Structure formats: C-alpha cells, structure tokens
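Structural overview for review
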Amino acid sequence: MCGIFGFIGNRSAAPLLVDGLRRLEYRGYDSSGIVVKNGSLQVHKKVGKVSELSKILPDHIEGNMGIAHTRWATHGGVTDFNAHPHLSEDGNIALVHNGIIDNAKGLRKRLQERGFELSSETDSEALVHMISIGIESGQSPLESVRKTLTRITGTWGLCVLFKEHDLIICARNGSPLILGQGEGESFVASDPHALTQHTQNFFFLEDGDMAILTKDRIEISRLEGGISSTSMTVVEDEWGQADMAGFPHFMLKEIHEQPEALRRCIAGRLDMANGSAKLGGLRLQPLRLRTVPHVRLIGCGTALNACNIGRLAIESLARIPAVAHVASEFRYNDPVINPNAIHFAVSQSGETADTLSAVKEIQLKGGDVHGIINVVGSSIARMCAQGVYIHSGPEQAVASTKAFTNMVASLLLFAIKIGRTRTFSREKGQSIIKDFEKIPELMEKYLSNPGPIDEAVELVKNAKSVLFLGRGLSAPVASEGALKLMEIAYIPCLAYPAGEMKHGPIALLEDGSPVVVILPNDKHRQKTIASMHECRARGARIILIHEEGDDEAAEEADVSIPVPPCNYLLSPLLTVVPTQLIAYRVALELGCDVDRPRNLAKSVTVE
Ligand code: M6R
C-alpha cells in the first residue's frame, strides 16, 4: 500500500528518496513522486514503477531535504495529477499522505467555494490547502498542520515540507510512520526496513503523535497538545538489502528460503525435555492455559489461512474450542469478548489495518491479545506487546510464502504448548517435537526435487477456473493454494473442504477442469480420495499433492506431486510448498508480474 520516505540532512536528498521508494516498492503501488527543497519546492511524479519516475528525473537535483511517496489509489484514478506529493497553490508547501480522509468531500467543496482550484481528485490534496490557509494567517508549520488535522476525520500518516522552513512536519493516526535519527540527519518512513540501512535509532510514532524533524533533532508532541511519551528504540533487526540472491524473483527466493526461515522460527522453541514448546513472548502461565475457555485467531488473507490451521491444531491437541475470524469482519460484528479467552492477531506486516482494528476492539472490551507477527516493532506487535515473532526475515513478494509457513509453525508450537498443559503426555509431546525438528530438512528435500510442477502448470495455465480441495488441516492449505494462484496469475480459484464440493462447486466441473487435491496420509485420506473420484467422473483432471509412497492414490491422478512423509499435524508445512510453486510457474507462463501483482499491496494499511 502507499509508502512514505523523507530525509533532511547534509547529503543530496534526491538519490536517498529514490532509494527509499525502491525499498518500499514491494508494498504494491501504482504511481510515485518526490519533492526536493532547493530554494523552491521541486516536484516530480509519475504513474507506474519507481523506474518510470527515475526516467523523468533530471540528472542532478540540488537539495538536502525532501519527501517521497508511492501511491495505491483510493480516491481518484491512477494519474500523474493524483500521485503525491501535492502542492499548495503558491507552491510553498508540499504534502504526502497515507490513509483515508473520511470527510474529504465536504472539505474539497468548502475549499472550492473559497476559490481554491484543486488539481487532483484525491482526498489528500485538501490537506495541503488547509495547511496553506493556516500558514498565511501566521501560524507556525506545526500549528498549521495541527489545526488542519483537528478538522479532519479519517486516518493519516503524513509528511509536510515547507519552502520557508528547514524542517519536515510528520503526523500519524492509523497509518504507520517511523522516524530515524542519524548523525546530523533525520529520516521518516512508513516502513522500518526502508530506514535500517541509515540508522538503528527509531521512533515509532503512535496514533495522535506529531513530529518536527530537523537535521539535528526530532521533537514529538501530541495532536491535542503536550509532549508525547514516544521514545527512541534501538532496532537491531537488520532487514538488509532487498537483493534476489541469484533468484529471478523474490517470490521464488522466498519459497526456497522456507527451510532456513522455519529453522529460525523453531530454534530454541522446541522443548524436547518436556515434550512441549517454549514461547517466551507469550504471557501465559500454565494455570491460565488450563482454565482458558476458548481461543480466537484473527487475520486476513494468508494469515487467515494460517489461523484456520492453528485453530484445528489447537482444538485437536488441547481439546478446547478455537475459532478463526476474518479480521475485516470482526470489529463490525460487535463481538462478545471474554477477558479470560486467548486471542491471537496474526500478521506478516503487523500493519494490516483490519487486523489492527480487531486488536483495538478486543482490547477495548478488556480482552487480551497476543501477536503472531513477522515485522519487529510493527504497529500490531507494539499494540499487543506480547506474542511470538515468526522470524521469517523480510518478505518482499506481495504473495506471502515463507511468512505463511512460519505463522503455521508458530501456531503449531502454541497448540503443542497448550495441548501439553491440558491433555497429552510428555511422551506424546516428545514424539511431535522429534517430527517437528525434521521438517526443515524435509522441506529442503522436497525443494531439491519438486516433482512434475511443469505438468501441473500445463493443466492450469489456460483454465477458466481451478478448484482446490482438502480436508481437515489440508482444507486451509487448499485455500492458501487457491489464494496464491488467484493473486499472482489472475485465474479464478475456488477452495473447498473436499466433502463440501458435491454441495455446489461440482457444477463447475467439465471435461478438462483442473482440480488440485491436497492428500496427506491422515485420517481423511479415504474420504478425500472419494471426492477425487467424484471429480474424475465429471472429466476433471487431477493434480494430486500426496505423501511419497502413496502409489495407490498417485495412480489415479493426472499429475502426481509427492511430498516427504511426515506427522499429519505438520503436513501443511510441506503440502503447501507445491501449491506455491504451481502459482509461481503459472504466473510466469502467463507473463504476469510475479512479485507485484496488479491492484494488490503487500501491506494493506487502509480498512
Ligand atoms: O501483513 P498481513 O499478514 O497482515 O497481510 C494479510 C494479507 O493482506 C496478506 O496475507 C495477503 O493476503 C497476501 N497477499 C497473500 O499472499
């Protein structure tokens, strides 16, 4: 989603701004722009990738301060005019904004009545004109922004640059903004890993914070007045350069990083001695685990699929009700919150607005939420202040892969921990832990010989739609496979619990329809095979992801993709990998932009 980067110091701003935008590219956007102060404010903006913007930039742009933006359209089409930064009419103030101004329509109308000519269709542009009214009436930069923000409703992460002042004003409400303090220079970004190469000294702005950035100083105050309690955090988690390590795409690189990422996630957490799991970030004592009435898991997209695996594992191992919720629905259904229940907010970015709202709703009603998060220091991680970091490392491709497997792994660890407290013996726990330890190696084994993915691609690439089926823990794996193929190859996909297929989706099947069936060797195997037969009988072509050695099932498939045998509880960690490879290869075949699929954003920071 939209990205912000800003710099003030002694170095040339333009190259830093463009580099900052490149680091934000993975978030998904449709246009970008920069403004640099050099006497006047020089704005350059362009529809398309940052490389398109680079093409129109002069060879050298003087100036040691500026702000930059990547836009993901919400109000107004994808045009150069609608791209940020927006300028005041006199050209003395420039603004970039993430978020949504709910009362923009009324504000724009009032500005037009006062004689302002708006040059874009965006909600954001209104803000820069309102700030300019404040400046003309003698207000300071901070006051003009403050007064403007008190008149708007909605969400913002914004930065403002002034021709007459050597500073940047920033403000946050609902859209992340992080400030970085270097030696004689200051930075601002919407994403911490755009800053880590410049400094480790971060200020994570809270909702309602405002800041003045000069090259030597960062001063944070509150929108309502007074000093903010936001203090500096030293971040040691170096996300490193976004390089592809020899892979043609981030997605493929991240698929192959899964064994290593999983090792990081489980390192020090498998408690062989006790047949349990150690999750230090959870503030849950054994007595609480024994008496908890239920567990609720909340997430979006891939995180939701991971939640659905987590809930089945928790219910199965701990014999306690567990439910997964779509985050965007949660808050609006006025949920009943039991303060004794355990809630998990699951998110790769830790910035997803829908999930963040759910966390706020739970906390508002006295509930306790733990985060299952990848990005250290992200908004959800800070808001929960307890939970599990999944340690996937930076995930750059919009399509989530290694975060999914580590979310699943983290939730399985929790399921083992709570199950061990409530229901099963040390010996049973030890046997699961022993199996868990082997998974990274089994993933490597599979990735070194991924089976006939090309044949699956041939069946899928020209299909009108693709059906994904699985039962039990494999039903959410089917959903994840469908989501992946749909989001990067733009093929309509449907995922169903295999048994439910005959209650509707079977009507879609015709001669040659591809059906992907997830078939680990678990208690559902026979039933899933029966569903596969029903599909075959209607002319469907079966792509079967099954346990190595299950020749009986493999013989019935058009394309059979074996994965190494493992404990059924851990099978999603392996069976999902072929679905990721199929999606990747189909998208390539169809000439799609694998890492940055159309219309999508990596981090969805608007509701
Ligand atoms: O950062 P989050 O995990 O909260 O993101 C949630 C979804 O937006 C995300 O998983 C999305 O569905 C991905 N593009 C899936 O690959």
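Residues numbered from 1 in each chain as written. Predicted model: local features only at pLDDT ≥ 70, side-chain atom pairs only at ≥ 80, totals over all residues. Heavy atoms only, no water.

**A word on the site of the ligand**
- Inspection of the region around the ligand gives 15 residues, with Ser 347, Gln 348, Ser 349, Thr 352 and Glu 487 positioned closest.
- Taking Thr 352, its side chain carries an N or O atom lying 2.4 Å from an oxygen atom of the ligand.
- Val 398 places a polar main-chain atom, nitrogen or oxygen, 3.2 Å from a nitrogen atom of the ligand.
- Bound to the protein, the ligand loses 91% of the 420 Å² it would expose on its own. (Near = heavy atom within 4 Å. Polar contact = N/O pair within 3.5 Å; in protein donor to acceptor, adjacent residues only side chain to side chain. Areas by Shrake-Rupley, 256 points an atom, 1.4 Å probe, with all protein chains shown as cover.)

**A closer look at the sheet that holds strand S11 (residues 201-204)**
- The strand order across the open sheet formed by eight strands is S3-S2-S4-S1-S10-S9-S11-S14, and the pairing between neighbours is antiparallel. The outermost strands of the open sheet, each flanked by one partner alone, are strand S3 (40-47) and strand S14 (233-234).
- Here three bridges tie strand S9 (residues 178-182) to S11, and the two strands are oriented antiparallel to one another. Pairing of Leu 179 across the sheet is with Phe 203, part of S11.
- Its contacts with the sheet put helix H1 (residues 13-24) on strand S1 (3-8), strand S2 (31-38) and strand S4 (65-71), and the angle it makes with S1 is roughly 155 degrees. (Pairing = 2+ DSSP bridges. Helix = DSSP H or I, 4+ residues; strand = E, 2+ residues; numbered from the N terminus. Contact = heavy atoms within 4.5 Å. Axes fitted to C-alpha atoms, helices over the stretch in contact; angles between N-to-C directions.)

**Topic: a negative patch on the surface**
- On the surface, Glu 89, Asp 90, Glu 117 and Glu 136 cluster together into a patch of negative charge.
- Note that Glu 136 resides in helix H4 (residues 124-136).
- Looking at Glu 136, the relative accessible area reads 63%, which means it is exposed. (Patch = residues over 30% accessible without salt bridge, like charges linked within 9 Å, V, L, I, M, F, W, Y side chains within 5 Å. Salt bridge = Lys/Arg side-chain N within 4 Å of Asp/Glu carboxyl O. Lys, Arg positive; Asp, Glu negative; His and termini not counted. Charge placed at Lys NZ, Arg CZ, Asp CG, Glu CD. Buried < 20%, exposed > 50% of the residue type's maximum accessible area, 1.4 Å probe, protein only.)

**Side note on the domain arrangement of the chain**
- If you check the domain split of the chain, you get domain 1 (3-234), domain 2 (244-448) and domain 3 (451-607).
- On a C-alpha basis, the centroid separation for the pair domain 2 and domain 3 is 23 Å.
- Taken residue by residue, the interface counts 47 residues in domain 2 and 44 residues in domain 3.
- Its largest share of buried area at the contact with domain 3, domain 2 owes to Met 251, Val 398 and Tyr 446, together 21% of the area lost on that side.
- Close ionic contact of Glu 395 with Lys 602 constitutes a salt bridge, the shortest N to O distance being 2.6 Å.
- Applying the counting criterion to the domain 2 and domain 3 interface returns 15 residue pairs in polar contact (both at pLDDT 80 or more).
- For the side of domain 2 that touches domain 3, the elements supplying multiple residues, two or more each, are helix H6 (250-256), helix H7 (258-266), helix H9 (301-318), helix H11 (353-364), helix H13 (402-422) and helix H14 (426-448).
- Along the lines of polarity and charge, the residues of the side of domain 2 that touches domain 3 split into 26 nonpolar, 15 polar and six charged. (Domains from an automatic or database assignment. Buried area = accessible area lost by both parts, 1.4 Å probe. Nonpolar A, V, L, I, M, F, W, Y, C, P; charged D, E, K, R; others polar.)

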